[in-house]
Amino acid sequence: MELDVIAFAAHPDDAELAMGGTIAKFAEAGFKVGIVDLTQGELGSRGTVLTRREEAHKASDILGITIRKNLYLPDGYLTDSMDMVLKAVKEIRLHRPKIIFAPYFNDRHPDHIAASSIIKKAMFFSGVHKIETRENDKLLPVYRPEKMFFYMQTYEFEPTFIVDISSTYQKKKDALGAYGTQFYKPGNTGPETFISKMNFIDYIDARARAFGFHIGKEYGEPFFSEVKLELDIVNYFSNLEI
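Thresholds, definitions, all that
Residues numbered from 1 in each chain as written. Predicted model: local features only at pLDDT ≥ 70, side-chain atom pairs only at ≥ 80, totals over all residues. Heavy atoms only, no water. Helix = DSSP H or I, 4+ residues; strand = E, 2+ residues; numbered from the N terminus. Rg over C-alpha atoms; globule rule 2.2 N^0.38 Å. Buried < 20%, exposed > 50% of the residue type's maximum accessible area, 1.4 Å probe, protein only. Contact = heavy atoms within 4.5 Å. Areas by Shrake-Rupley, 256 points an atom, 1.4 Å probe, with all protein chains shown as cover. Lys, Arg positive; Asp, Glu negative; His and termini not counted. Charge placed at Lys NZ, Arg CZ, Asp CG, Glu CD. 1 Å grid on protein atoms, 1.4 Å probe; cavity = no way out; pocket = protein on both sides within 12 Å on 5 of 7 lines; lining within 4 Å. Points joined across faces, edges and corners; volume = space filled by probe spheres on them. Nonpolar A, V, L, I, M, F, W, Y, C, P; charged D, E, K, R; others polar. Salt bridge = Lys/Arg side-chain N within 4 Å of Asp/Glu carboxyl O. Pairing = 2+ DSSP bridges. Axes fitted to C-alpha atoms, helices over the stretch in contact; angles between N-to-C directions. Core = buried A, V, L, I, M, F, W, Y, C linked by side-chain atoms within 4.5 Å.

K.L.:
Sorry, what's going on with the overall build of the protein here?
P.N.:
Looking only at helices and strands, the protein features seven helices and nine strands. Rg of the C-alpha trace for the protein: 18 Å, near the compact-globule value of 18 Å for 242 residues, within the 12% margin. Taken over the C-alpha atoms alone, the protein extends approximately 50 × 50 × 30 Å along its principal axes. Looking at the protein as a whole, 48% of its 242 residues are labelled buried. Sequence-distant contacts, at least 24 apart, represent 80% of the contacts inside the protein between residues at least 6 apart. Accessible area for the protein stands at about 12,600 Å²; split by element, carbon and sulfur atoms hold 54% of it. Seen as two clouds, the 30 positive and the 34 negative side-chain charges of the protein have centres 3 Å apart.

Listed below in structure tokens is the structure:
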């Protein structure tokens, strides 16, 4: 199935945390959106692979995405080796998205950094004719997406653009709420982690409000582009509320 957008993530819940509002906004507009998790998050201190899978399924339903897949790469051991890159190349060629998203290339978690490099390499090599990938023994045609953007996780950056997610922020919160083993939930047992405290959810809310403020909206999600972006100034002006 061809998709319009793919958000690649190192772990289930990363895409929801970083760009859940944007994903929901794409889906509401009728675009076909996929999330491809590189790992199952099997090294997570709380929950299990099974519970994380169930939570990801619930979150996907809430966001309204078309496809969610997992590449079953080893959590905690991601590297930008060609073996791992080719798995992402295959997904790009199989689904032919116009835009892909990946983690920003500097972050607290080493897997996020590695995932960023994996997807950047996959973006390039998906368009190289002499690199072959197959699905059910069928050669996949060469294809390269038009754009690749990076989303923000723990470490902040100066964004290239900010997406207004005011209308979909509740869906983002509900999707995060689906991950009951990972984030704060009264009565949960298990070791306390960086993301399991109530103040982490408060921080996510505050950051969305702060980036929303930068664009005159209630909530926003920031993104970075390594290439220059065109602005259709006439269309932009025509849609301004004056």
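The rest of the description comes next.
K.L.:
Is there a simple way to think about the layout of surface pockets in this case?
P.N.:
Any empty space left between the atoms is revealed when a probe the size of a water molecule rolls over them. Size it by volume and the largest pocket reaches roughly 750 Å³. Every element with two or more residues in the lining of the largest pocket is listed here: α1 (14-28), β4 (99-103), β8 (161-164) and α7 (233-238). Per-element accounting of the lining of the largest pocket gives the leading share, four residues, to β8. Here the second largest pocket defines a volume of roughly 580 Å³. Along the walls of the second largest pocket sit 28 residues, with D14, R108, H109, H112 and I195 positioned nearest its centre. Looking at the lining of the second largest pocket, the elements with two or more residues in it are α1, α4 (110-125) and α6 (198-214). A per-element tally of the lining of the second largest pocket places α6 first, with four residues. Within the lining of the second largest pocket, the residues separate by chemical class into nine nonpolar, 11 polar and eight charged.

K.L.:
Would you explain the pattern of salt bridges in this entry?
P.N.:
Between side chains of opposite charge, a pair can form as their charged atoms come close. What the rule picks out here adds up to 14 salt bridges. The shortest N-O distance in the salt bridge between D13 and R52 comes to 3.4 Å. In this pair, D13 is assigned in the loop between β1 (5-9) and α1 and R52 in helix α2 (residues 49-63), connecting sequence segments 39 residues apart. Given a relative accessible area of 6%, R52 falls into the buried group. Ionic pairing is found between K90 and E135, a salt bridge with its closest N-O pair at 2.9 Å. Of the two residues, K90 sits in helix α3 (residues 82-95) while E135 sits in strand β5 (residues 134-135), which places them 45 residues apart along the sequence. Overall, the relative accessible area of 25% leaves K90 in the partly exposed class. Taking relative accessible area as the criterion, E135 reaches 26% and is therefore assigned partly exposed. Through salt bridges with shared partners, a single ionic network connects E16, D37 and R68.

K.L.:
Would you take a moment to explain the sheet that holds β4 for this structure?
P.N.:
In a beta sheet, neighbouring strands pair by backbone hydrogen bonds and run either parallel or antiparallel. Ordered in space as β3-β2-β1-β4-β7-β9-β8, the seven strands form an open sheet in which the pairing is mixed. Only two strands of the sheet have a single neighbouring strand rather than two, namely β3 (67-73) and β8. Sheet twist, expressed as the mean angle between neighbouring strand axes with direction ignored, is 30 degrees. The sheet strands contacting α6 are β8 and β9 (220-224), and the helix crosses β9 at an angle near 75 degrees.

K.L.:
Whenever I open this one, the nonpolar core confuses me. Can you help?
P.N.:
Of all hydrophobic cores here, the largest spans 33 residues; its most connected members are M19, I23, L63, F101, Y151 and F183. Every element with two or more residues in this core is listed here: β1, α1, β2 (33-39), α2, β7 (147-151), α5 (169-177) and α6. Per-element tally for this core: the top contributor is α1, with seven residues. Leaving out residues up to four positions away in the same chain, F183 has contacts with D13, L17, R46, L176, N188, I195, S196, F200 and I201. The next biggest cluster of nonpolar side chains, apart from the first, holds 30 residues, and it includes L3, M84, A102 and A122.

K.L.:
Is there a simple way to explain unusual backbone geometry in this structure?
P.N.:
Working note: non-glycine residues mostly have negative phi, and peptide bonds are mostly trans. For Y72, which is not glycine, the phi dihedral falls at a positive 55 degrees. With respect to the element layout, Y72 can be found in strand β3. Residue classification places Y72 among the exposed positions, given a relative accessible area of 54%. A positive phi angle, near 55 degrees, is found at N136, a position not held by glycine. Mapped onto the elements, N136 comes out in the loop between β5 and β6 (138-139).

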